[in-house]
Amino acid sequence: MNETRIAGLAMWARDRLPVLVDDAFAAVVDRIPMYRDGEPVPRTDLHESITQNLRFLVGAIAHPDAELDLTAPQETGRRRAHQGAPLPEVLQ
């Protein structure tokens, strides 16, 4: 995929980020039983982590040559460990 198409994809995703976040949140809650009842991960925390991680991914696509700032995925992993969330579910 050429740089122009990648930049277009990143712009498309950035412009639709709220919808993409809501769709991803709904899919996670639907497909991963651990997230359905808000325990051990509160739904607001799940929604926020999806937001932060999708922003990270869109930024990485938009700027493929930039050094990656892994703060968002690292923070998500750290919070999930403190919440007692099983690693296989977190990685899904």
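Here the structure is shown first, and the text comes after it.
Residues numbered from 1 in each chain as written. Predicted model: local features only at pLDDT ≥ 70, side-chain atom pairs only at ≥ 80, totals over all residues. Heavy atoms only, no water.

> Is there a simple way to explain the packing of helix 2 (residues 17-31) against helix 3 (residues 43-62) in this structure?
The axes of two packed helices give the description: the angle between them and the distance between them. At a closest axis distance of 9 Å, the pairing of helix 2 and helix 3 adopts a crossing angle of 130 degrees. Relative to helix 3, the element helix 2 lies oblique. The crossing of helix 2 and helix 3 is right-handed. Packed against helix 2, whose contacting residues are Leu17, Leu20, Val21, Asp22, Ala24, Phe25, Val28 and Val29, the element helix 3 presents Arg43, Leu46, His47, Ile50, Thr51, Leu54, Arg55 and Val58 at the interface. Class assignment for the residues of the contact of helix 2 with helix 3 results in 11 nonpolar, two polar and three charged. (Axes fitted to C-alpha atoms, helices over the stretch in contact; angles between N-to-C directions. Helix = DSSP H or I, 4+ residues; strand = E, 2+ residues; numbered from the N terminus. Parallel < 35°, antiparallel > 145°, perpendicular 65-115°, else oblique. Left-handed = near helix turned anticlockwise from the far one by under 90°. Contact = heavy atoms within 4.5 Å. Nonpolar A, V, L, I, M, F, W, Y, C, P; charged D, E, K, R; others polar.)

> Any chance you could explain the layout of surface pockets here in plain terms?
Using a probe with the size of a water molecule, rolled over the atoms, empty space left in the structure can be pinpointed. Each pocket or cavity is described by its volume, and for the largest pocket that value is around 430 Å³. Around the largest pocket, the lining comprises 19 residues; the ones closest to its centre are Ile50, Asn53, Thr76, Val90 and Gln92. Among the elements of the structure, helix 2, helix 3, helix 4 (71-83) and helix 5 (87-91) are those that each provide at least two residues to the lining of the largest pocket. When residues in the lining of the largest pocket are grouped by element, the largest group, six residues, is from helix 3. (1 Å grid on protein atoms, 1.4 Å probe; cavity = no way out; pocket = protein on both sides within 12 Å on 5 of 7 lines; lining within 4 Å. Points joined across faces, edges and corners; volume = space filled by probe spheres on them.)

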